[in-house]
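# Reading the structure
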Amino acid sequence: MASLPVHFSTNHLSSPNFSGRFRRSTERRTFVALVHCSARENDQGIKKTLFPVKELGCFACAALSAFTLTVASPVIAANQRLPPLSTDPTRCEQAFVGNTIGQANGVYDKPLDLRFCDYTNDQSNLKGKTLSAALMSGAKFDGADMSEVVMSKAYAVGASFKGVNFSNAVIDRVNFGKSDLKGAVFKNTVLSGSTFEEANLEDVVFEDTIIGYIDLQKICRNATINEEGRLVLGCR
């Protein structure tokens, strides 16, 4: 008998025969990975796939999934040590290709290391690229066209984005701590779960920005946002 796949999350485990995305979040890291725990029954009894365990129920499978994801998480949190700077001489040019594997989930086979790269006034190479989980600390994107980019789970602490066009982009769970975004444009931009601690948001344009209420409260605490920006955002 073929198994019936059931999508699950951390708060819903309904069958030992399931296949789905397992999403977990802790204070130290956030990650998404694909874990399969499927089982099929035939004439000779229960046949397990992927796990060499005779009997495997929901909670046992969930525990193994959690362990697997813990040791394999690719996301860099603010309080974790960054990997060594890549020695690849073409690492800066990798931004023009982007992260084609993990995409919005931020999963990758190797880091997209753009630290200290200079993309000042680039008007064509970054537009629409997927830069998920990219390491951007110390990089310069001033005046660049980054419209329609996907920057899920990127680490941009201390980077410079002055005057950058982020129109129609997906800026999801990006750490912009201490970055300079003076004059950046977030027009029709998905701006969810991102942090801007000690970032410069002077003259930033927020127009039709898609942002959650909790994220809005955090952004409104940034004193560098001008009165017009606060009015558009609806800061109280």
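The text that follows walks through the structure, step by step, so that each part is easy to find. Numbers given to residues run from 1 along each chain, matching the order in which its sequence is written. Two thresholds apply to this predicted model, a pLDDT of at least 70 for residue-level local features and 80 or more for giving and counting side-chain atom pairs, whereas whole-chain, interface and lining totals are computed over all residues. Hydrogens and waters are ignored; side-chain quantities use all the structure's heavy atoms.

## Considerations on the packing of aromatic side chains
Think of a pair of aromatic rings as described by two things: how far the centres are apart, and how the planes are tilted against each other in angle. This is how the line gets drawn: Put simply, two rings from Phe, Tyr or Trp (the six-membered ring, in Trp's case) pair if the centres are within 6.5 Å, and we call them stacked under 30 degrees between planes, edge-to-face over 60, tilted for the rest. Helix and strand definitions here come from DSSP, where helices need a minimum of 4 consecutive H or I residues and strands a minimum of 2 consecutive E residues; each element is numbered from the N-terminal end. Between buried and exposed lies partly exposed: a residue is buried under 20% and exposed over 50% of the maximum accessible area for its type, with that area taken using a 1.4 Å probe on protein chains only.
Under the defined criterion, the tally for this structure stands at eight aromatic pairs. Ring centres of Phe186 and Phe206 lie 5.8 Å apart, and the angle between their planes is 10°; on these two criteria the pair is classed as stacked. Of this pair, Phe186 sits in strand β6 (residues 185–187) while Phe206 is found in strand β8 (residues 205–207), placing the two residues 20 residues apart along the sequence. Given a relative accessible area of 0%, Phe186 falls into the buried group. Using a relative accessible area of 4% as the deciding quantity, one classes Phe206 as buried. An aromatic cluster is defined as three or more aromatic residues linked by ring pairs; in this entry it consists of Phe96, Tyr119, Phe141, Phe161, Phe166, Phe176, Phe186, Phe196 and Phe206.

## Topic: the nonpolar core
Our working rule: Residues belong to one nonpolar core when they are buried, are Ala, Val, Leu, Ile, Met, Phe, Trp, Tyr or Cys, and are joined through side-chain atoms within 4.5 Å.
Core analysis: the biggest nonpolar cluster contains 40 residues, and Met146, Met151, Phe161, Phe166 and Leu181 have the highest contact counts within it. In terms of residue count, helix α2 (residues 213–220) provides more of this core than any other element does, three residues in total.

## Points about α2
The condition is simple: Arc, as used here, means the arc of the directions from the helix axis to the C-beta atoms. Two residues qualify as a contact provided that any one of their heavy atoms is within 4.5 Å of a heavy atom in the partner residue.
For α2, the complete set of buried residues consists of Asp215, Leu216, Ile219 and Cys220. Viewed end-on, α2 has its buried residues packed into an arc of 135°, placing them on one side of the element. Buried residues along α2 sit in contact with β7 (190–192) and α3 (227–233).

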